[in-house]
Amino acid sequence: MLLLRRHLKRAPPQVLCRFCAVMGKLQSKLKHSTYKYRPDGIIEDRIQTKAFQEYTPAHVDTVSVVAALNSDICVSGGKDKTVVAYDWKTGNVVKRFRGHEREVTKIACVHKSNQFFSASRDRMVMMWDLHGSSQPRQQFSGHAMVVTGLAVSPDSSQLCTGSRDNTLLLWDVGTGQCVERASVSRNLVTHLCWVPRQPYILQTSEDKTIRLWDSRGLEVAHIFPTKQHIQTYCEVSEDGHKCISCSNGFGGEGCEATLWDLRQTRTRICEYKGHFQTVASGVFLPRALALMPVIATSSHDSKVKIWNQDTGACLFTLSLDGSGPLTSLAVGDTISLLCASFRRGIHLLRVDHSRGLELREVAAF
């Protein structure tokens, strides 16, 4: 270092300018590495040091939600009122869809299809086709407030929507008509998820409860034990046997994800504690990723964590500094995750097995 300083002192001004410019570019692409250790020596937090690719941005403002349409294309929505289909493997916008008058809050994709739905603060739900017009194929209007829940039935014939107006509506996708309506006092819906191969719909609420609805009549089939904090999100495993719910919170109070059994016992299996702000999303990761079953969570503390599903142990933490609250998480393919954020768009994350189970950011758009 001393030798470098001596050479720089003797160098002409133009050489110094070139050196500073190169260093500036290098620092803009690299992130500093920070580690936080627990007393047992396990790495608790890591900010990656490798540069990542900056793709064409999908949105011009906060991204509220991202969902995987297939193994190449994701669909996202946000405060710019647009729905965007994006090829995250090439870094290109496939198509932009416009129709909502306010922020897009939820996206639900139709299984093995090019169709998807979007919900918004404008109280509307719209159906889109990737290869169709940039105008909505179908519109669903029936809620009195912002639509905060959206779930498609396994056979794609029905759509369930939920709102802060305390209601759930069940729609016939083909006709666009509402066929069932249910209302529960103080049930401010935060998320909906249809159980695979079942007639049941899982729902989280600001009243701190998780409800299981039977779509045959749209009645409550089960209420899970009430949590201590608002439940922000829910996700069901591919086999339909388990589900995750996420809690809001601050300073480490609340801020957990919970694993529940959806079968006969319908009991709490495990809790995942370690975030310091609201947990906004949680997903079951493909079994090919690890020797044990694992889940991932994203939080308003700008961190994505990978957990051992069975023990609740945190296996890895990735800090996406500068991104602000992380709003949504989706499985892209067997080794990739998509994470939406307030300030830096959508992050493409990849599971790395070179030094055990790790997560690194490879691109942002």
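Going by the structure above, here's the rest.
Here the residue index of a chain counts from 1 through its sequence in written order. It should be noted that, the model being predicted, local features are given only for residues of pLDDT at least 70 and side-chain atom pairs only at 80 or more, the latter also being counted only at that level, while totals for whole chains, interfaces and linings use all residues. Only hydrogens and water are removed before side-chain values are computed, so all heavy atoms of the structure are retained for them.

## Focus: the overall build of the protein
If you tally the helices and strands in the protein, you get 2 helices and 33 strands. Buried residues are those whose accessible area, probed at 1.4 Å on protein chains only, stays under 20% of the maximum for their type, while exposed residues exceed 50% and partly exposed ones sit between those limits. Evaluated residue by residue, the protein yields a buried proportion of 53% over its 365 residues. Whether two residues are in contact is decided by their heavy atoms, any of which lying within 4.5 Å being enough. In the protein, the share of contacts with a sequence separation of at least 24, taken over all contacts with a separation of at least 6, comes to 41%. Per-residue and other accessible areas were derived by the Shrake-Rupley procedure at a 1.4 Å probe size, with only the shown protein chains allowed to occlude residues. When the accessible surface of the protein is summed, it comes to about 17,100 Å², and 51% of that surface belongs to carbon and sulfur atoms. Here a strand is any run of E in DSSP of at least two residues, a helix any run of H or I of at least four, and the numbering for each starts at the N terminus.

## Some remarks on the side chain of His-275
Note that His-275 resides in the loop between β25 (268-272) and β26 (279-284). By relative accessible area, which is 3% here, His-275 ends up buried. Among the polar contacts listed, one links the side chain of His-275 to the side chain of Thr-297, at a separation of 2.8 Å. Polar contact is defined as a pair of N or O atoms within 3.5 Å, subject to the rule that within protein one atom must be able to donate a hydrogen and the other to accept it, and that residues adjacent in sequence are counted only when both atoms are side-chain atoms. At a separation of 3.1 Å, a polar atom in the side chain of His-275 contacts the side chain of Asp-301. Setting aside anything within four residues of it in sequence, one finds His-275 in contact with Gly-252, Cys-255, Thr-297, Ser-299, Asp-301, Lys-303, Lys-305 and Trp-307.

## Some words on the pattern of salt bridges
By definition here, a salt bridge exists when the distance from a side-chain nitrogen of Lys or Arg to a carboxyl oxygen of Asp or Glu is within 4 Å. Applying the stated criterion to the full structure yields 14 salt bridges. Taking the shortest distance from any N to any O, the salt bridge between Lys-89 and Asp-333 comes out at 3.9 Å. Taken together, the residues Lys-89 in the loop between β6 (82-87) and β7 (92-98) and Asp-333 in strand β30 (residues 326-333) connect sequence positions 244 residues apart. The salt bridge partner of Asp-129 is Arg-137, with a shortest N-O separation of 3.5 Å. Overall, Arg-137 belongs to the exposed group, its relative accessible area being 52%. It is possible to trace a salt-bridge network through shared partners that takes in Lys-227, Glu-256, Arg-268, Glu-271 and Lys-273.

## Brief notes about the environment of Thr-258
Counting through the fold element by element, Thr-258 comes out in strand β24 (residues 257-261). Through-space distance from the C-alpha of Thr-258 to that of Tyr-272 is 6.3 Å; in sequence the pair is 14 residues apart. Look past the residues within four positions of Thr-258 in its chain and what remains in contact with it is Lys-227, Cys-243, Ile-244, Ser-245, Arg-268, Cys-270, Glu-271 and Tyr-272. Within the structure, Thr-258 has its side chain in polar contact with the side chain of Lys-227 (distance 2.9 Å).

## With respect to the sheet that holds strand β8 (residues 104-109)
Across the sheet, which stays open at both edges, the 4 strands sit in the order β8-β9-β10-β11 with antiparallel pairing between neighbours. Of all strands in the sheet, those bounded by a partner on one side alone are β8 and β11 (138-141). Within this sheet the neighbouring strands show an average axis-to-axis angle of 20°, counted without direction. Pairing geometry for β8 and strand β9 (residues 115-120), over 5 bridges, is antiparallel. Each residue of the ladder has a partner; that of Ala-108, found in β9, is Phe-117. Paired strands, in this sense, are two strands between which DSSP finds at least two bridges. The convention used is that axes are lines fitted to C-alpha atoms, helices contributing only their stretch in contact, and that angles between N-to-C directions extend from 0 to 180 degrees.

## Thoughts on unusual backbone geometry
For Ser-156, which is not glycine, the phi dihedral falls at a positive 70°. Residue class for Ser-156 comes out partly exposed when judged on its relative accessible area of 23%. In this structure, Arg-186 is a non-glycine residue whose phi angle is positive, near 65°. Mapped onto the fold, Arg-186 is located in the loop between β15 (177-183) and β16 (189-194).

## Digging into the environment of Asp-155
Here Asp-155 lies in the loop between β12 (147-152) and β13 (158-163). It is 8.3 Å that separates the C-alpha atoms of Asp-155 and His-111, two residues lying 44 residues apart in sequence. A polar contact of 2.7 Å, which involves the side chain of Asp-155, links it to the side chain of Ser-153.

## Notes on the packing of aromatic side chains
In this analysis, rings of Phe, Tyr and Trp, with Trp reduced to its six-membered ring, are considered paired at centre separations within 6.5 Å, and the interplanar angle assigns stacked below 30 degrees, edge-to-face beyond 60, and tilted for intermediate values. Counted by the stated rule, this structure contains 8 aromatic pairs. Ring centres of Tyr-86 and Phe-365 lie 4.2 Å apart, and the angle between their planes is 10°; this geometry places the pair in the stacked category. Separated by 279 residues along the polypeptide, Tyr-86 in strand β6 and Phe-365 in the segment after β33 (358-364) bring together distant segments of the chain. Relative accessible area serves as the criterion here: at 0%, Tyr-86 is assigned to the buried category. One aromatic cluster is present, built from ring pairs that chain together Tyr-55, Tyr-86 and Phe-365.

Remember, this is a structural readout, not a statement about activity or role.
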